[in-house]
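Read off the chains here:
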Amino acid sequence: MGSDSSAAIEHRAYARVGLLGNPSDVYHGRAISFSLGNFWASVRLEPSKDLVIVPHPTNDLVQFESLPHLVNRLESDGYYGGVRLLMAICKIFCKYCKDNSITLHEGNFKLSYDTNIPRQTGLSGSSAIVCAALSCLLDFYDVRHLIKVEIRPNLILNAEKELGIVAGLQDRVAQVYGGLVYMDFDKKHMEELGHGKYEPMDIGLLPHLYLIYAENPSDSGKVHSTVRERWLSGDKFIRSTIEEVANIALEGREALIKRDYAKFASLMNRNFDLRRKMFGDDVLGALNIEMVEVARRVGAASKFTGSGGAVVVFCPEGDSQAKEVEDACKNGGFVFQPVQVMSSRLNEIDLETVSPI
Ligand SMILES: Nc1ncnc2c1ncn2[C@@H]1O[C@H](COP(=O)(O)OP(=O)(O)O)[C@@H](O)[C@H]1O
Ligand SMILES: O=C(O)[C@H]1O[C@H](OP(=O)(O)O)[C@H](O)[C@@H](O)[C@@H]1O
Ligand SMILES: [Mg+2]
């Protein structure tokens, strides 16, 4: 694949669910995450004379019906679309290749994208676009075998850091690997290896899960969090709580392997409760907290998929309990849907680059 540089290339990257341990990934902790088949971004690369980044017809709008339309649009979706993400990954990819003496041919290309990942829902819509674009570049330049799978999440994160988007590696690892992945971001081994330890797990270990999100999450989570500053300054409470959250991923790995779903449910709940203690309700936002609580009121386990906007739910009592959550979501105006776990899409060339754990 990729050796015919005249053909168009298209790749998808899926949304992701941070299942256990997030946000400790941002602080040298651990996480278990999976690739979510319900939503994806796709990027298309066509060889072309000039290098062109194509604005998306609706996500990169620059023409409006009126001034109020422009203002509404900026208030709901912000100033940015995906163009800057595509540009940033091109820059980071080019720099990485240069720094690592990977020669790139001189052909140009046209990059365009589409996405159905709901925005601002903590489902990793931004990195899905970047991840799909990176995959296109790997094939267009035929360098998939030269850029190790473990390194790719760093490139995706660096592209977003370049834009000032604050994020961690958890999302990008799940999106690059696909399937279900256990991750350990221990400081010492990250410094030694240049990446975390990533261990794919059998997706068959996961129980049925559900997703709750709000289609218009406008009133939540707009207060600035000081958790990062506090962690950096060595705040004892934040440091020890992050450590506890990281241990949830470790214990969760054991619980899943043993199919101990009662333990798994309690870990999901504990994960969110610890986040709530660290960040506080004003930062998390009333709507986000309500999404967690709507499931808990009927005895289901629930937590954020990312930093807020969507919630992952486990119903230990099965379908009847899921129906109760579904009804409560309808009343609360939330979207409720079964989770589809997307299995890994790494190919043989990718797998050959993976170092043994
Ligand atoms: N649907 C989209 N279309 C275009 N760009 C998007 C879309 N969603 C996110 N982005 C880009 O990603 C950035 C981060 O968006 P955000 O909603 O916080 O993503 P995430 O779901 O990864 O947290 C935005 O500022 C924008 O540049
Ligand atoms: O806070 C979290 O759980 C995650 O937040 C970010 O993801 P997002 O999709 O923007 O909510 C971050 O990139 C992750 O590394 C965190 O675990
Ligand atoms: Mg994000």
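Quantities reported herein were computed from a predicted structural model and do not represent experimental measurements.

Caption draft 1: Quick peek at the domain arrangement of the chain. Domain boundaries assigned for the chain yield domain 1 (9–203) and domain 2 (205–338). One C-alpha centre belongs to domain 1, the other to domain 2; they are set 24 Å apart. Note on domain 1 versus domain 2: buried area summed over both sides is about 2800 Å², and carbon and sulfur give 66% of it. Counting the surface domain 1 buries against domain 2, the share from its top three residues, Leu20, Tyr27 and Arg30, is 24%. On inspection of domain 1 and its partner domain 2, the count reaches one salt bridge. We note a salt bridge from Glu199 to Arg253, for which the minimum N-O separation is 3.0 Å. Where domain 1 packs against domain 2, one counts 18 residue pairs in polar contact (both at pLDDT 80 or more). Residue assignment for the side of domain 1 that touches domain 2 shows that the elements contributing at least two residues are β1 (9–20), β2 (30–48), β5 (180–184) and β6 (197–201).

Caption draft 2: Summary view of the site of ligand 2. Asp25, Gln170, Asp171, Arg275 and Ser307 are the nearest of the 15 residues found near ligand 2. Take Asn22: an N or O atom from its side chain is 2.9 Å from an oxygen atom of ligand 2. Gly306 places a main-chain nitrogen or oxygen 3.1 Å from an oxygen atom of ligand 2. The fraction of the free accessible surface of ligand 2 (400 Å²) that becomes covered by protein chains is 85%. A total of three residues in the shell around ligand 2 trace back to one element, the largest contributor, which is helix α5 (residues 170–177).

Caption draft 3: Main features of the site of ligand 1. Within the structure, ligand 1 sits among 15 residues, and Gly81, Arg84, Gln120, Gly125 and Ser126 are positioned closest to it. Gly82 places a main-chain nitrogen or oxygen 3.2 Å from a nitrogen atom of ligand 1. Within the backbone of Gln120, an N or O atom sits 2.8 Å from an oxygen atom of ligand 1. Considering ligand 1 on its own, with 550 Å² of exposed area, one finds that the protein chains cover 83% of that surface. Looking at the shell around ligand 1, the elements with two or more residues in it are α2 (83–99), β4 (108–115) and α3 (125–140). A per-element tally of the shell around ligand 1 places α3 first, with three residues. Residue composition of the shell around ligand 1, grouped by class: five nonpolar, eight polar and two charged.

Caption draft 4: Local environment of the UniProt feature "domain: GHMP kinase N-terminal" (unreviewed entry) in the chain. UniProt annotation of "domain: GHMP kinase N-terminal" (unreviewed entry) refers to residues 94–179 when read in the numbering used here. As annotated, residues 94–179 comprises 48% helix and 9% strand, and the C-alpha atoms at either end are separated by 28 Å.

Caption draft 5: Summary view of the packing of aromatic side chains. Overall, the coordinates contain 14 aromatic pairs when judged by the stated rule. Here Tyr27 and Trp231 contribute two aromatic rings whose centre-to-centre distance is 5.0 Å and whose plane-to-plane angle is 50°, an arrangement assigned as tilted. With Tyr27 in the loop between β1 and β2 and Trp231 in helix α7 (residues 227–232), this pair connects stretches of sequence that are 204 residues apart. Each member of the pair Tyr27 and Trp231 is classed as buried.

Caption draft 6: Layout of the sheet that holds strand β7 (residues 209–213). Strand order in the open sheet formed by four strands is β8-β9-β7-β10, with antiparallel pairing between adjacent strands. The sheet terminates laterally at β8 (301–304) and β10 (335–338), the two strands that pair on one side only. Within the sheet, the average angular offset between the axes of one strand and its neighbour, ignoring direction, is 25°. Here β7 pairs with strand β9 (residues 310–314) via five bridges, running antiparallel. Its bridge partner lying in β9, Ile212 is registered against Val311.

Cut-offs applied
Residues numbered from 1 in each chain as written. Chains lettered and ligands numbered in written order. Predicted model: local features only at pLDDT ≥ 70, side-chain atom pairs only at ≥ 80, totals over all residues. Heavy atoms only, no water. Domains from an automatic or database assignment. Buried area = accessible area lost by both parts, 1.4 Å probe. Salt bridge = Lys/Arg side-chain N within 4 Å of Asp/Glu carboxyl O. Polar contact = N/O pair within 3.5 Å; in protein donor to acceptor, adjacent residues only side chain to side chain. Helix = DSSP H or I, 4+ residues; strand = E, 2+ residues; numbered from the N terminus. Near = heavy atom within 4 Å. Areas by Shrake-Rupley, 256 points an atom, 1.4 Å probe, with all protein chains shown as cover. Nonpolar A, V, L, I, M, F, W, Y, C, P; charged D, E, K, R; others polar. UniProt positions renumbered as here; feature names shortened; annotations may be inferred. Phe/Tyr/Trp six-rings, centres within 6.5 Å; stacked < 30°, edge-to-face > 60°. Buried < 20%, exposed > 50% of the residue type's maximum accessible area, 1.4 Å probe, protein only. Pairing = 2+ DSSP bridges. Axes fitted to C-alpha atoms, helices over the stretch in contact; angles between N-to-C directions.

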